[in-house]
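Per-entry structural report
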Amino acid sequence: MEKIGVFICTSCNIGDRLDIADLEAAANEQGCAYCASMSFLCGKEGVEAIKKAIQENELDSVVICACSSRVNYDVFDFGKEIPVVRVSLREEVVWTRWPKLEEGQEMPEDESQIEFAEGVSFKDELMALAKDYVRMGVVKAQKIAPPEPYKLEGEICKRILVMGGGVTGLTAALEVAKAGYEALLVEKENELGGFVAKMKKQLEPNHPYKNLVEPVVNKLIEDVQANDKIQVVTGATVEKIAGAPGAFKVTYNAGGSEETVDIGAIVVATGWKPYDASKLEEPYGYGKYPDVVTNIQFEEMLAKGELKRPSDGSPVKSVAFIQCAGQRDENHLPYCSGVCCLASLKQAKLLREMDSEAKAYIFYKDMRTMGIYENFYLALQDDPGVFLTKAEFKGLSQADDGRLVVEVGETLLGEDMAVPVDLVVLATGMVPTTADDPVIPLEYRQGPGFPELELFSGYADSNYICFPYETRRTGIYAAGCVHQPMATAQAMEDAAGAALKAIQCLKAVELGHAVHPRTWDFAYPEFNFKRCTQCKRCTEECPFGALDDDPEGTPMPNPTRCRRCGTCFGACPERVINFKDYNIDMGSSMLKACEMPEPEYGQYRVVAFICENDALPALDMAAYHRKNIPMSLRIIPVRCLGAVNVAWIRDAMSGGWDGVLMLGCKFGENYQCHFIKGSELANRRMENVAETLQQLALEPERVVIKTVSIDEYEELPKLLQEFQEALEAAGESPFKGW
Amino acid sequence: MSKILVVGGGISGVTAAVEAAEMEYDVVLIEKEPFLGGRVNQLRYYFPKLCPPTCGLEINYRRIKENPRIDFYTMATVKDIQGGPGNYKVTVEIAPRYVNENCTCCGECEKVCQGEREDTFNFGLSKTKAIYLSHEHAFPARYVLDKSALADGDLERIKEACKYNAIDPDMQPQTITLEVGAIIWATGWKPYDATKLDNLKYGQPGFENVITNMQMERLAAPNGPTGGKILRPSDQQVPQTIAFVQCAGSRDENHLPYCSYICCLASLKHSIYFAEQNPEGKVYFFYIDIRTPGRYEKFLNRAKEEANIEFIKGKVADIQQADNGDLIVVAEDTLSGKKIQKQVNMVVLATGMQPSLAGEEIPQVLEMDENGFVIPSEAKGMYACGCARLPLDVMSSNETATAAALKAIQTLVRG
């Protein structure tokens, strides 16, 4: 920007501790067009004064030198065309930099009387810090431009592809249609309805959650078929998904003929398949005894109304249900499928309804009728024909009369039991369709499927508790039992949630901003391909697979897949990727704008690139507790730690900075980075940093990466202090004064 | 175009509001407390990742901050609802905060204030000043004054200390009428009143070391009453043994007939907190069934690995006093059939969740079940999500919140 107005607030201790005239001078030297200071800048008068100054001086941007950007966000808003840069003099300067006082010593009025280093007062250093902050603010404003939303070329397709025609998929298609959007539902079987269609009855998916009802799926199928916004293709598989949100090209194959259609966003509702029971011969006797069946097979028997033993066709008068067969078991499925307890309870009830003489035994590890489903469990407990006990399965054998004898131990009766029954039902678990198949045949350079689902035992789940629909493929959302193990009621709700995310993604494409988590962000990475060397780091490192290759092998960005994390920006060795409001020049110039002290004065200069979602708020909270952080530290917030380019680190080190600290989110299995890989990639890039340091003959401890959670405001100052001490041990940078 | 009202500004309500607003619908979000974020603010970590709730709230607050389509009111409650889907008129009362928008959160008022109030955020385990923020991540970042807790001369002192003329003791309750097309109830839950569980002795004299799971959460939180140290209330000593009493009030026809969904996982999480601080510490875990559904099974395994837990299948019948503030937990081990007694330093009751609306007067148009959970109605354009709807964990709550946002939008689309 060119005509920059700088407004310095003197309240909240800023005016008490800083010489405002010196700050104004620093802003003017840096080339602002207008500079003013006043108390209570966020008050009505302050804001009016800013508006007036913008108008009178035709300012095109403002720098607010006051509090953290996380507060008074709504107050300092002068319209989209006036970029606002916030300089946190309050949280990052006057509320977090304190002289070391003796115990009981009062904070002196005049900080220039306190010695900081030889010949340098505390006040001098505090002012040097504040001036650096003001200069960085002005420079930042000079180097940015108002973001322009990205608009897709051509028309945005607003039709939603729903993959899978079970309860979840049918519901998703209906929910999309009810919101006014079109849906294309593709089901691989010839019939709609999925597993629920094969049920005799199901648990009611609404209050009071204790009765059995006709499967809801029949009504759903009717509604879907009657809805003119929904097109259904059965017996079809999706073979290719190319393109990007708002402009996917989806190819499906129906009965041998391929068709390619335009699609806006996708709901994956491909569900689950039963765990392969043939792996359960030992110890459960599946395959060994014909009268050992799975819960799926038993459901079919119930639906047909034929309760006959597979071995000899004689009537089934007693059934033992073995819960968790091949589940909660490291050798099979390590997880719990969440619904099998309910399914067995239901099947026991159906058995009893069909034959009041029949007996059911349910042997469970833990009865998991979560939440409101306790109602159903309670309703069944009164039936004397259903015997329920916690038990450890011990073995299965065949009696002389051909019946099976189930042996269990550790029961609630306090003794081992051997129960002869006509039929044994194994409550086998569910395996998500994504466990061993990509399911979404993406024509992306990073390949088909959602990456790294092994973190979620194969489910197409989100790593974020707060954001259950987050996936690593923008515009593609999973719902139902491919998402998480769940019962029908939850699957229907989940379908509605995923449907919303799908149409919401199209809204973001239309408006030209990012989807979650940076939904407010209209900037996007722009590539200067003239200088691109086709190294492909951006393409490979993007956590969301946003980049493909063009026919010449040059990276081809798909901005509607992009989440604006800046990982590509951080990855690019040629520095050709930039955002309107976040670019290489901005960071480098901010570093340069800071004044380097003369060598050998004991004044250190450290730059910290910190994640703006977690580390920055943690620092703010440290400020609210008036914690002390090292005076040397100048903070530059970044989109994500992945959005730190090594060029910045090189500039800092060769520019005389004593150290660079990178503060980002925790990585590893329970990663907290909102962009999946940002902090992890930054850590990996430390190899390049080490090389740079070696070239400059600098100590490796000068550049350090640390992870911190948003709530670690107590630890953060300690961590910063430790870094400071490590630098002091290494001594000042030899590049100072060059 | 018609608006959507979201009642309740906890994680579910905030999620419903931002999800709908990001579809370009106007949303009004109201919260009865002075701050958004609700119950999850009080948690140190979420299971199973053991990550802080403020991390996701920070993103959601930013989504609110940056989205002009969301208006939110704190200290606001619904008083009346008239009309029908598409054109509800909702009367909302906004209680006085006594601190106006001039507040910069500088904290000078808090320094000079002498009067104190019970810290409800910490479930009474500490006190705050009469003028306070519930915690440092409080949003909106604006103080609130509890006039009833002021000491003599406080008002003059805090007014004097405030350089921004933000203290307004004459502020009056305000009533506003909102015209909305659909309503999402995200009123959440409250911990079941543990004093009703006579045999578990909570709140009874001599039983200070019987605490609830939410109090445990505050003890473990760095911004809690003990700075994050798990200390037992009677003598602030580090406990060596803790008993967790599962289903304290849940799955009990005399209290809450349903399962509260999160308590097993919460107690396992607490066992990990305890093990972190006291690796030698021993946990006795009294349960009916251990309910860690789906992928949470991994969390059960993690807790078993990291904490020294003895699982005892049995319902606790009684808690008795022992020497030095210790407690004796009496239960029947349902596997051995034997009555067992364990002496411990501290007892944590895994009290269940009760919908916030249970026992409250609610607008006639709203339908709820016998336990106080809201029954949603597409016909009425009334939806519910999170724990106002069913006992749920955070992830499922947010699934229902996202779904409710869509349902509300559909009501407006139908017109």
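Please read all numbers here as calculations on a predicted model, not as lab measurements.

Reading the values: the criteria
- Residues numbered from 1 in each chain as written.
- Chains lettered and ligands numbered in written order.
- Predicted model: local features only at pLDDT ≥ 70, side-chain atom pairs only at ≥ 80, totals over all residues.
- Helix = DSSP H or I, 4+ residues; strand = E, 2+ residues; numbered from the N terminus.
- Buried ≥ 20, exposed ≤ 12 C-beta atoms within 10 Å, placed from the backbone.
- Contact = placed C-beta atoms within 7 Å.
- Pairing = 2+ DSSP bridges.
- Axes fitted to C-alpha atoms, helices over the stretch in contact; angles between N-to-C directions.
- pLDDT = per-residue confidence, 0-100.
- Domains from an automatic or database assignment.
- Nonpolar A, V, L, I, M, F, W, Y, C, P; charged D, E, K, R; others polar.
- Core = buried A, V, L, I, M, F, W, Y, C linked by C-beta atoms within 7 Å.
- Left-handed = near helix turned anticlockwise from the far one by under 90°.
- Expected span 1.5 Å × (residues − 1).
- Parallel < 35°, antiparallel > 145°, perpendicular 65-115°, else oblique.

1. Quick notes on the overall build of chain B
Along chain B, the regular secondary structure elements total eight helices and 22 strands. Its C-alpha atoms give chain B principal-axis dimensions of roughly 65 × 55 × 35 Å. Across the 415 residues that make up chain B, the buried fraction comes to 58%. For chain B, restricting intrachain contacts to residue pairs at least 6 apart in sequence, the fraction spanning at least 24 positions comes to 68%.

2. Observations concerning the overall build of chain A
The number of helices and strands found in chain A is 21 helices and 34 strands. Out of the 738 residues in chain A, the part that is buried amounts to 57%. Of the contacts made within chain A by residues no fewer than 6 positions apart, 70% connect residues no fewer than 24 positions apart.

3. Observations regarding the sheet that holds strand E18 (residues 318-322) of chain A
All names here are of chain A. The strand order across the open sheet built from five strands is E17-E24-E18-E19-E20, with neighbouring strands paired in parallel fashion. The open sheet is flanked by strand E17 (292-294) and strand E20 (386-390), the only strands paired with a single partner. Averaged over all pairs of adjacent strands, the angle between strand axes in this sheet comes to 20 degrees, irrespective of strand direction. Where E18 lies against strand E19 (residues 359-364), five bridges are found, and the strand directions are parallel. Each bridged residue has a counterpart across the sheet, and for Ser-318 the counterpart in E19 is Lys-359.

4. As for the confidence of the model for chain B
Regions with low pLDDT carry predicted coordinates that are not meant to be interpreted in detail. The pLDDT averaged across chain B works out to 97; a share of 100% of its residues lies at or above 70. This prediction of the complex comes with two scores: 0.98 for pTM and 0.97 for ipTM.

5. Topic: the sheet that holds strand E8 (residues 183-186) of chain A
All names here are of chain A. As summarised here, the arrangement of the five strands in space is E11-E8-E7-E15-E26, forming an open sheet in which the pairing is parallel. On the outer flanks of this sheet lie strand E11 (230-233) and strand E26 (476-478), each paired with one strand and no other. For this sheet the average axis-to-axis angle between neighbouring strands, irrespective of direction, equals 20 degrees.

6. Description of the domain arrangement of chain B
Residues and elements named next belong to chain B. By domain assignment, chain B separates into domain 1 (4-94 + 173-188 + 356-414), domain 2 (108-161) and domain 3 (192-352). Using only C-alpha atoms to locate each centre, domain 1 and domain 2 end up separated by 27 Å. At the interface, nine residues of domain 1 touch eight residues of domain 2. Of the residues contributing to the side of domain 1 that touches domain 2, the split by class is four nonpolar, five polar and no charged.

7. Focus on the interface of chain A and chain B
Across the boundary between the two partners, chain A contributes 69 residues, which contact 67 residues of chain B. Those elements giving two or more residues to the side of chain A that touches chain B turn out to be helix H6 (167-178), helix H12 (374-381), helix H13 (488-511) and helix H17 (615-624) of chain A. For the side of chain A that touches chain B, the leading source of residues is H13(A), giving ten residues. Class assignment for the residues of the side of chain A that touches chain B results in 32 nonpolar, 21 polar and 16 charged.

8. Let's talk about the domain arrangement of chain A
What the domain assignment reports for chain A is domain 1 (1-146), domain 2 (160-273 + 432-511), domain 3 (276-428), domain 4 (526-569) and domain 5 (596-738). Taking only C-alpha atoms, the centre of domain 2 of chain A and the centre of domain 5 of chain A are 43 Å apart.

9. Description of the nonpolar core
Grouped together as the largest cluster of nonpolar side chains are 404 residues, with contacts concentrated most on A:Cys65, A:Val267, A:Val268 and B:Ile184. Counting residues per element, this core draws most heavily on H13(A), at 13 residues. Excluding residues that lie within four positions of it along the chain, A:Val267 makes contacts with A:Ile160, A:Val162, A:Ala172, A:Tyr477, A:Ala479, A:Ala498, A:Ala499 and A:Ala502.

10. A word on the environment of A:Ile14
Residue and element names in this part refer to chain A. Inspection of the secondary structure puts Ile-14 in helix H1 (residues 14-17). For the pair Ile-14 and Ser-356, spaced 342 residues apart in the sequence, the C-alpha separation amounts to 81 Å. Not counting residues within four places of it along the chain, the set of residues in contact with Ile-14 comprises Cys-9, Leu-89, Arg-90 and Val-94.

11. A word on the packing of H13(A) against helix H8 (residues 394-414) of chain B
Contact geometry for H13(A) and H8(B): axes closest at 7 Å, N-to-C directions at 60 degrees. With respect to the hand of their crossing, H13(A) and H8(B) are arranged in left-handed fashion. Each of A:Gln490, A:Glu493, A:Asp494, A:Ala496, A:Gly497, A:Ala499, A:Leu500 and A:Lys501 in H13(A) lies in contact with H8(B), whose residues at this interface are B:Ser396, B:Glu399, B:Thr400, B:Thr402, B:Ala403, B:Ala405, B:Leu406 and B:Lys407.

12. Digging into the environment of B:Glu306
Residue and element names in this part refer to chain B. For Glu-306, the position within the fold is in helix H7 (residues 297-306). C-alpha of Glu-306 to C-alpha of Ala-275: the two residues are 31 residues apart in sequence and 6.8 Å apart in space. For Glu-306, the residues in contact, after removing those within four places along its chain, are Ile-272 and Ala-275.

13. Digging into the pairing of strand E3 (residues 61-65) of chain A
Residue and element names in this part refer to chain A. The buried count for E3 comes to five of five residues, which makes it a mostly enclosed element. The two faces of E3 match: Ser-61, Val-63 and Cys-65 on one face and Val-62 and Ile-64 on the other face are all buried. Pairing geometry for E3 and strand E4 (residues 84-87), over four bridges, is parallel. By the bridge assignment for E4, Cys-65 is matched with Val-87.

14. Quick notes on the environment of B:Tyr287
Residues and elements named next belong to chain B. Relative to the assigned elements, Tyr-287 resides in strand E15 (residues 282-287). Taking the C-alpha atoms as reference points, Tyr-287 and Pro-355, 68 residues apart in sequence, are found 23 Å from one another. Those residues in contact with Tyr-287, other than ones at most four positions away along the chain, are Gln-246, Cys-264, Phe-311 and Lys-313.

15. Points about helix H5 (residues 122-143) of chain A
Here H5(A) contains 22 residues, and its C-alpha end-to-end distance of 32 Å stays within 8% of the 32 Å for a straight helix at 1.5 Å per residue. By the criterion of burial, H5(A) is predominantly enclosed, with 20 of the 22 residues buried.

16. Brief notes about the packing of helix H1 (residues 11-21) of chain B against helix H2 (residues 53-66) of chain B
Any two packed helices are characterised by how steeply their axes cross, that is the angle between the axes, and by the distance between the axes. Residues and elements named next belong to chain B. Relative orientation of the contacting elements H1 and H2 amounts to 45 degrees, with a least axis distance of 10 Å. By the angle class used here, H1 and H2 are oblique. Between H1 and H2 lies a crossing whose hand is left-handed. For the pair formed by H1 and H2, the contact residues are Val-14, Thr-15 and Val-18 on the first element and Asn-60, Arg-63 and Ile-64 on the second. In terms of residue class, the contact of H1 with H2 is built from three nonpolar, two polar and one charged.

17. Concerning helix H6 (residues 263-277) of chain B
All names here are of chain B. When the terminal C-alpha atoms of H6 are compared, their 21 Å separation across 15 residues agrees well with the 21 Å that a helix rising 1.5 Å per residue should span. With respect to burial, H6 is a largely interior element, twelve of its 15 residues being buried. Those residues of H6 that sit buried are Cys-263, Cys-264, Leu-265, Ala-266, Ser-267, Leu-268, Lys-269, His-270, Ser-271, Ile-272, Tyr-273 and Phe-274. On the buried face of H6, the contacting elements are helix H5 (213-220), strand E14 (241-248), E15, H7, strand E16 (309-313) and strand E20 (346-351).

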